[in-house]
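These are the residues of each chain, in order.
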Amino acid sequence: MTAFQQLIDAMRAGRNWSGMGDPNQARELMAAVYTERYHGAAHYRDRYQLRANLQKKEEAASYAGWITADNPTSGAYQGTSFVWFPGVDGSIAVLVIGTDGFGSDSHILGRPGHGRRLRALRTLHQGRLWVKPDLLDLNSRVPETLSANWPAAEPALKTYGQVIYAAIPVQTDADANAVEDLLDLFFAEHGTPLTGKARARWEKRQQDIASAIFPRFDETRVLSLLNELRFLILEGPPGTGKTRWAIRLADQIGGVTQVQFHPARTYEDFVVGLFPRPASNGLAFEVRAGDLLRANQAAAEGPHVLLIDEINRADLGRVLGEAVMLFEVGEAPRRARLPQIPAGHPPELELSPNLLVLGTRNTADRSIARMDLAIRRRFAFIEVWPDLEVVAAEGVDFAVRLFSDCVHSFTEFADDETLRLVPGHAYFLDPRPDLDPADRPVRVARRLELELLPLLRDYLNERLCGGATEAIAGLTDRISSTLMGLR
């Protein structure tokens with residue numbers, strides 16, 4: 001039996017573990033777990049100390065775990081730690097901040113990437129892992145609605161509940177994966193390499209975490225959602241293939257009416273309007289059906305997609321007008337009376353059940369006002385993120401390396417708003433794959449120089465990067481240096 005499995009067995013036993021009351025037994029077990037999983041060099045091992053206060057008294061706030069070595073050997077401590085609290089019929093494994101404050105680990109807790117990885121793990125464990133919304137919040141506690149269903153460890157939760165920022169109840173062997181994730185994350189965040197099977201597992205787990213942060217576009221799922229919900233928008237950073245995906249999905253459904261939104265598009269263009277035309281006595285006005293009416297008329301013959309590229313670049317409230325009330329799914333058909341009636345159209349507009357509306361939205365365009373909430377409510381939103389596998393498939397080594405660096409820099413240091421600026425995979429791909437593959441690295445390098453670097457510099461010049469400014473400036477320098485080295 002591995003040392004880690006013995007640790008899980010001890011956690012499952014909780015207050016009934018044979019080591020309760022014997023701190024040496026707990027420390028020996030934790031030392032064996034470290035030896036089994038992490039680098040044994042003294043300069044790594046000496047970064048930590050083992051704490052064990054496992055008392056048999058039920059009223060004691062018993063705990064055992066790893067804390068950083070730059071703390072006293074007893075009493076209050078600073079920084080983050082991995083700890084387990086034995087309870088009745090199980091334990092609670094936690095990441096916790098010392099009651100004496102953040103200490104030297106403030107850089108870990110303050111980095112968006114740490115919280116982002118924990119939230120990804122929460123997703124991977126289907127919500128069983130609890131993560132505090134704000135890791136730096138020392139006022140809120142673990143919600144009682146959750147802890148009431150955990151192994152009873154009231155003294156520990158009462159004493160440390162405010163400084164716990166991630167927790168998993170440990171009651172069965174099925175909980176071992178979550179414990180392993182928290183433990184490995186704790187040591188990895190503190191710069192300690194994993195070894196052997198633990199290292200291979202953590203490398204695979206990091207891929208799973210990245211996939212949870214940046215889920216791959218699932219064409220089958222999105223196509224199903226579009227058919228079910230009818231009104232859907234693909235949103236994401238530039239270069240993630242939103243328009244390409246939208247065209248591909250629309251082509252699979254049936255007929256397509258494709259339009260491009262921009263600030264000059266009007267209600268008259270999109271719904272209905274009066275347009276001048278030459279006449280014998282000067283000018284006359286005719287009523288013309290807009291994109292929506294034409295697509296709706298085509299949908300009477302079968303499934304039809306109105307594809308709106310860059311849907312947020314127009315003033316949607318003005319462009320849609322009274323037609324916005326028609327975008328409802330699952331309700332009785334609604335009708336809107338038109339101000340003008342084009343020839344061949346009824347006086348009231350009712351959207352055909354065969355009409356699907358698919359839009360794209362660039363989340364990096366900060367020059368555009370946020371989408372009206374009344375309009376947003378009527379659409380479903382699917383996020384489209386960068387995809388490393390697409391870049392890897394082209395086989396340009398420096399592109400794969402720089403793309404990984406780019407995604408890591410944004411993931412680690414960008415807040416949620418800035419993360420939406422992360423450049424997509426298209427910036428790292430051959431712009432002319434139809435040409436000689438032997439020249440592909442040259443074309444990719446030219447694209448990085450003429451498209452990606454100006455984009456990143458615009459982000460920096462416009463001060464859009466917030467707390468990630470230094471990291472993205474460093475990324476920009478690394479990309480520029482790499483490209484100079486290729487010449």
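Structure report, in brief. The model shown is predicted, which means the values in this text are computed figures rather than measured ones.

Moving on: the sheet that holds strand 3 (residues 80–87). Strand order in the open sheet formed by 6 strands is 1-2-3-4-6-5, and the pairing between neighbours is antiparallel. The sheet is open, and its two edges are formed by strand 1 (48–53) and strand 5 (130–131), each paired on a single side. Strands strand 1, strand 2 (63–68) and strand 3 of the sheet are contacted by helix 2 (residues 23–37), whose axis makes an angle of about 145 degrees with strand 1.

Below, the discussion takes up the packing of helix 1 (residues 3–13) against helix 2. Look at helix 1 against helix 2: their axes get within 8 Å of each other, and the N-to-C directions meet at 140 degrees. In this structure, helix 1 meets helix 2 at a crossing whose hand is left-handed. Packed against helix 1, whose contacting residues are Ala-3, Phe-4, Gln-6, Leu-7 and Ala-10, the element helix 2 presents Leu-29, Ala-32, Val-33, Glu-36 and Arg-37 at the interface. Looking at the contact of helix 1 with helix 2 residue by residue, the classes come out as 7 nonpolar, 1 polar and 2 charged.

Taken across its 7 residues, strand 6 (residues 164–170) has 7 buried, putting it largely inside the fold. Note that strand 4 (residues 90–97) and strand 6 share 6 bridges and pair antiparallel. What sits directly across from Val-96, in strand 6, is Ile-164. Note that strand 5 and strand 6 share 2 bridges and pair antiparallel. Bridging across to strand 6, Val-131 finds its partner in Ala-166.

Across the interface, helix 5 (residues 112–124) lies against helix 9 (residues 196–213) with an axial gap of 9 Å and an inter-helix angle of 90 degrees. It follows from the interaxial angle that helix 5 and helix 9 lie roughly perpendicular. Between helix 5, through Arg-116, Arg-117, Ala-120, Leu-121 and Leu-124, and helix 9, the contact on the second element is made entirely by Arg-205, Asp-208, Ile-209, Ala-212 and Ile-213. Here the residues of the contact of helix 5 with helix 9 sort into 6 nonpolar, no polar and 4 charged.

Cut-offs used in this document
Residues numbered from 1 in each chain as written. Predicted model: local features only at pLDDT ≥ 70, side-chain atom pairs only at ≥ 80, totals over all residues. Heavy atoms only, no water. Pairing = 2+ DSSP bridges. Helix = DSSP H or I, 4+ residues; strand = E, 2+ residues; numbered from the N terminus. Contact = heavy atoms within 4.5 Å. Axes fitted to C-alpha atoms, helices over the stretch in contact; angles between N-to-C directions. Left-handed = near helix turned anticlockwise from the far one by under 90°. Nonpolar A, V, L, I, M, F, W, Y, C, P; charged D, E, K, R; others polar. Buried < 20%, exposed > 50% of the residue type's maximum accessible area, 1.4 Å probe, protein only. Parallel < 35°, antiparallel > 145°, perpendicular 65-115°, else oblique.

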